[in-house]
Amino acid sequence: MTIADQVPAEMLSDDEDEDVGSVSDYLSDTGLKIEPKYPPLNEAFDSTILVMNLPKIDASKYDKLKRVITKIFSRVGTLPEGGDSIIMPQSSSTSKSLGFAFVEYAAPEDARNAFQAVNDYPMDKNHRLRVIPYDDVRRLREIEPAFVPPEPEEAPDPVDTTSWLQDESQRDMFVVREGKNTVINWNDPSGAIVDYDGSRERAQGVNWCDYYVAWSPRGSYLATMHAKGVRLWGGKGYESIMRFMAEGVEDVSFSPCETYMMTNNFRPDDPAAVKIFDLESHKLLKSFGLFPKDFPKEVIAEEGEEPVVRPAPKFQWSFDDKYIARMGKDLISIYELPSLRLLDKRSVSAVGVAEFQWSPGANIIAYWAPEVRNSPAHVDLIEVPSRKFLRQKNLFHVSKCSMAWHSDGEYLGVKVLRHTKSKKTLFNNFELFRLNDPGIPVEMLEMKDAVMCFSWEPRGSRFAMIHAENPSSTKVNVSFYDMNKVIEAKKGKGGKMTAPQVRPELNKLETLEGKQCNQLFWSPAGRHIVLAGLGDSASGTLEFYDVVDRTLTVKEHYRATEVAWDPSGRTVITSVIQPIGGSYYKFQMDNGYILWSFQGKQLQQVSYEDFYQISWRPRENLLSKAERQKVVVNLKKYEKQFDQEDKRRARAKYIEDTRGKREERQAVRDRIARLSQFHRQQKAMRIELNGGYDSDDEENFETVVDTVETVVSVKEDFM
């Protein structure tokens, strides 16, 4: 079709002026080729950027978010007018934004400025923008994929951190830090047997530990402290399991269920002095300063006295690893784990709080606060997370308090040091809380003497205390009390014996007078206790006392500084140790430890030149109270099994100890047999040399018997 064919007919009429001519005379039959000249296409996209990490929002908030993005990116460059310079894709199914957008600038310089200025910009607390030049995105898209999926590797077997519990003899373990060595030993009846002494690390030219060590509460991990941080070891070969960066660490503590670990370097100027790690993910959860905000570091003293520097308040774990708490100024901050956010976004108000402790068996916090103006001192019990006040006990004329929980959380003992109105006379009394009874009743025990030590019996209801008329007395008394009173069986009506009854009533059992001790150490199994005189001013007297049979054994470990029971309650370690950090220690000649039986029999003594630490490996208590009682009932049956095992081990030890003698005896017997055989082989030669005489034939000998009588003494009696 030509252009003439497209012109209307009236335009082709011949009724025009003849001089002009017809339109067809001016049109060509050749087709028209239209070739427009467009501006060159810019394929570089150097004016466009890709913005990542945007919020993913609904369609209702689309325009608002787009305005915010426009406001941010228009500050660093000029956006083109008349066009949509920001494209924010949406999901076709949900209409939600996809979390990214394209921004086009008028000039490449503006795009480069936006990349430098807005990249890593915090849009809000949850979104930090990521800016990428679009040319970089295109280049990445053009790269041909050369990824080859790797062959799946076999996952290494996890380290069995409970292998030590499978010991056939159910032995306990302890670790020793002496000199540059760290040694883990089995507590064997024959003495300490080395299980691992860091030989692998020694062969590599490094120390297994540079500072102190710490066991986890269930004995799964051993933490060694180094200048750069902490390493955890476990398994049969004590393999390195984890490492955590904590420069200058001086203390390590684990949560009761071994889920978390906390380190502390005790540096007041370090905002990350306290670090809390997750042992499963190996990640740092959060760090804290040594002191809470606005916490008073000095105690205002009386007139004429110097102020006392307060130690930094420590974080404390709840029994189930759900919370961790620390005392602050007039408050207790409780953090949820693992988020480490404040419980309900606020701390617990506790005006004047001086001390707090978690219950070992429930999420209950006990704290005490001194008198403030007209308000008396008080001890409060708070349930977590409800913050419900379970019990409050008001106290008057209080100078100081100290709290002690029973190991199962059944009882709480509060020692109250009180004064008269004139403040010239001091006296003690105990507030004893029964946590398992309705209403949490409180019993009061008055003591006129000064009380130097208070300790609960594990797995029982008894407690003991050291008291004397004068706190500096060398001779003290030790009293034993029971929170329950047993009513013995007696004959009732009809001559039948009634069952013994247990009544929740405080009663005194006995008092041991004239003792030389300043510390009390109950056996983890209860019943047995060590009365120890520790420290420079004490004589190192050790008294092993059986509370039930009331038997006492007195021993001595000169200058002993520590006493520790093994988890089973069968063995006690007493030790003389020196602190790490000084080459000189005035009692260095006495360094070492002694192993004792629970009855006070010395089992082993070891001395060291530089001795820093000794610690039993903890083990989890897997038996309930009812199961433990069942073991006690069937104890005689178990005694036979243990006696047989002891005899077997004693026999094995005897065989091992006498192996050398038996080998020597067997060597002599073999020599005699060999010489006898040689003698028999030469019999024919001997007979020939002796002219037919056989010296071994008894018939060739004549036996003569001579009888000789000798008078030893003569005695004459006259009748």
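Residues numbered from 1 in each chain as written. Predicted model: local features only at pLDDT ≥ 70, side-chain atom pairs only at ≥ 80, totals over all residues. Heavy atoms only, no water.

Peer 1: How should the overall build of the chain be read in this particular structure?
Peer 2: When you go through the chain residue by residue, the secondary structure sums to eight helices and 46 strands. For a compact globule of 719 residues, the expected C-alpha radius of gyration is about 27 Å, and the chain comes in at 45 Å, more than 25% above that figure. On the principal axes, the C-alpha backbone points of the chain span a range of 205 × 110 × 70 Å. Scored against the burial criterion, the 719 residues of the chain give a buried share of 36%. In the chain, of all internal contacts separated by at least 6 residues, the share reaching a separation of at least 24 is 45%. Carbon together with sulfur atoms contributes 50% to the accessible area of the chain, which is approximately 45,900 Å² in total. Across the chain, the mean location of the 96 positive side-chain charges is 10 Å away from that of the 110 negative side-chain charges. (Helix = DSSP H or I, 4+ residues; strand = E, 2+ residues; numbered from the N terminus. Rg over C-alpha atoms; globule rule 2.2 N^0.38 Å. Buried < 20%, exposed > 50% of the residue type's maximum accessible area, 1.4 Å probe, protein only. Contact = heavy atoms within 4.5 Å. Areas by Shrake-Rupley, 256 points an atom, 1.4 Å probe, with all protein chains shown as cover. Lys, Arg positive; Asp, Glu negative; His and termini not counted. Charge placed at Lys NZ, Arg CZ, Asp CG, Glu CD.)

Peer 1: Is there a simple way to think about the pattern of salt bridges in this case?
Peer 2: Summed over the entire model, instances satisfying the criterion amount to 24 salt bridges. D590 is paired through a salt bridge with R559; the nearest N and O atoms lie 3.8 Å apart. You can see D590 sitting in the loop between β43 (571-576) and β44 (592-597) and its partner R559 sitting in the loop between β41 (551-556) and β42 (562-565), a full 31 residues away along the chain. Take D590: its relative accessible area is 27%, and that puts it in the partly exposed class. Taking the shortest distance from any N to any O, the salt bridge between R659 and E656 comes out at 2.7 Å. Residue R659 is classed as partly exposed on the basis of its relative accessible area of 40%. Judged by its relative accessible area of 44%, E656 falls in the partly exposed class. Through salt bridges with shared partners, a single network forms among D167, R171, D188 and R649. (Salt bridge = Lys/Arg side-chain N within 4 Å of Asp/Glu carboxyl O.)

Peer 1: I'm lost on helix α1 (residues 62-74) in this one. Help?
Peer 2: At 3.6 residues per turn, the α-helix brings residues three or four places apart onto the same side. The end-to-end C-alpha separation of α1 is 18 Å, in line with the 18 Å expected for 13 residues at 1.5 Å each. Within the span of α1, buried status applies to Y62, L65, K66, I69, I72 and F73. Down the axis of α1, the buried set is contained in an arc of 125 degrees. They therefore lie on one face. The outward face of α1, more than 90 degrees from its buried face, is lined by the exposed residues K64, R67 and K71. Buried residues along α1 sit in contact with β1 (48-52), β2 (86-87), β3 (101-104), α2 (108-118), β4 (122-124) and β6 (130-133). (Expected span 1.5 Å × (residues − 1). Arc of directions from axis to C-beta.)

Peer 1: Sorry if this is basic, but what is going on with the packing of aromatic side chains here?
Peer 2: The description of an aromatic ring pair rests on the distance of the ring centres and on the angle between the ring planes. Tallying each qualifying case throughout the model produces 28 aromatic pairs. Ring plane angle 90 degrees and centroid distance 5.9 Å describe the contact between F100 and F102, whose orientation is recorded as edge-to-face. Three or more aromatic residues joined by ring pairs form one cluster here, namely Y411, F430, F454, W456, F463 and Y481. (Phe/Tyr/Trp six-rings, centres within 6.5 Å; stacked < 30°, edge-to-face > 60°.)

Peer 1: What is the right way to read the environment of Q116 from this model?
Peer 2: Within the element layout of this structure, Q116 appears in helix α2. Here the alpha-carbon distance between Q116 and V131, two residues 15 residues apart in the chain, equals 8.5 Å.

Peer 1: Hey, could you run me through the domain arrangement of the chain in this one?
Peer 2: Domain annotation for the chain reports domain 1 (48-141), domain 2 (450-488 + 501-622) and domain 3 (626-661). Between domain 1 and domain 2, the C-alpha centre-to-centre distance is 71 Å. (Domains from an automatic or database assignment.)

Peer 1: Help me understand a positive patch on the surface in this model?
Peer 2: Together, K125, K286, R341 and K345 make up a positively charged patch on the protein surface. For R341, the position within the fold is in the loop between β22 (331-336) and β23 (348-349). The exposure class assigned to R341 is exposed, which follows from its relative accessible area of 60%. (Patch = residues over 30% accessible without salt bridge, like charges linked within 9 Å, V, L, I, M, F, W, Y side chains within 5 Å.)

Peer 1: What exactly am I supposed to notice about the pairing of strand β12 (residues 229-234) here?
Peer 2: Each regular strand displays side chains that alternate between the two surfaces of the sheet. The buried fraction of β12 is high, at five of six residues. Looking at chain direction, strand β11 (residues 222-225) and β12 are connected through four bridges and run antiparallel. Looking at β12, one finds that L222 is bridged to W233. Once β11 ends, the chain turns through three residues before running back antiparallel as β12. The pairing of β12 with strand β13 (residues 239-245) spans six bridges and is antiparallel. Within β13, the residue paired with V230 across the bridge is F244. What sits between β12 and β13 in their antiparallel hairpin is a turn of four residues, with G235 showing a positive phi close to 90 degrees. (Pairing = 2+ DSSP bridges.)

Peer 1: Mind showing me how you'd approach the side chain of H378 here?
Peer 2: Tracing the chain through its elements places H378 in strand β26 (residues 377-383). What makes H378 buried here is its relative accessible area of 15%. One polar contact links H378 to D380, side chain to side chain, over a distance of 3.1 Å. Among residues more than four places away in sequence, those in contact with H378 are Y367, W368, A369, Q392, K393, N394 and L395. (Polar contact = N/O pair within 3.5 Å; in protein donor to acceptor, adjacent residues only side chain to side chain.)

Peer 1: Sorry if this is basic, but what is going on with the environment of M262 here?
Peer 2: Turning to its location among the elements, M262 is positioned in strand β15 (residues 260-264). Given the relative accessible area of 8%, M262 is considered buried. Considered as a pair, M262 and F277 are 15 residues apart in the sequence and their alpha carbons are 6.3 Å apart. Ignoring any residue separated from it by four or fewer positions in sequence, one finds M262 in contact with D251, V252, S253, V274, K275, I276, F315, W317 and I324.

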